Amino acid sequence: SENAKVLRHVKSSSGLAVFVSEKDDPKHWVEAGRCYERFALQATAMGIRNAFLNMPVEEADIRPDFAASLRLSADARPDLVVRFGRGEEMPRSLRRPVDDVLEYAN
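Parameters at a glance
- Residues numbered from 1 in each chain as written.
- Predicted model: local features only at pLDDT ≥ 70, side-chain atom pairs only at ≥ 80, totals over all residues.
- Heavy atoms only, no water.
- pLDDT = per-residue confidence, 0-100.
- Helix = DSSP H or I, 4+ residues; strand = E, 2+ residues; numbered from the N terminus.
- Salt bridge = Lys/Arg side-chain N within 4 Å of Asp/Glu carboxyl O.
- Buried < 20%, exposed > 50% of the residue type's maximum accessible area, 1.4 Å probe, protein only.

Attention shifts here to the confidence of the model for the protein chain. Residues shown with low pLDDT carry predicted positions that ought not to be read at fine detail. Overall, the predicted model of the protein chain reaches an average pLDDT of 89, with 100% of residues at or above 70. Least confident of the elements in the protein chain is helix α1 (residues 2-12), whose mean pLDDT is 84; most confident is helix α2 (residues 26-45), at 95.

Structural data, given as structure tokens:
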């Protein structure tokens, strides 16, 4: 089942990170995303893998209970859940050459 798969992923990870917006508004959502990007870039530079585990924040009905379990303030909003740790490198996604997707202005 999906729950069993997620549990295996959590148990095999070195840790979990939850990125939280101080307030529930677009400005703070973007800041949480920027924080994640800095985390992901630094983790990658250190050879640490990371992957999203966003089920608790994707469902509007579950998010408040998840926030409460983290003892967040009433204004705070958990936005991203990430698992991280050491592991084998996964195959990279195929990418088209830049010239196939970009038009240059004359």
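So, next bit.
Moving on, we come to the pattern of salt bridges. Going through the model one piece at a time under the given rule, you end up with five salt bridges. Ionic pairing is found between R77 and D24, a salt bridge with its closest N-O pair at 3.2 Å. Within this pair, whereas R77 is found in strand β3 (residues 77-85), its partner D24 is found in the loop between β1 (15-21) and α2, the two being separated by 53 residues in sequence. The shortest N-O distance in the salt bridge between D79 and R77 comes to 2.4 Å. There is no split in this pair, since D79 and R77 are both buried. Taken together, the salt bridges that share partners define one network made up of D24, R63, R77 and D79.

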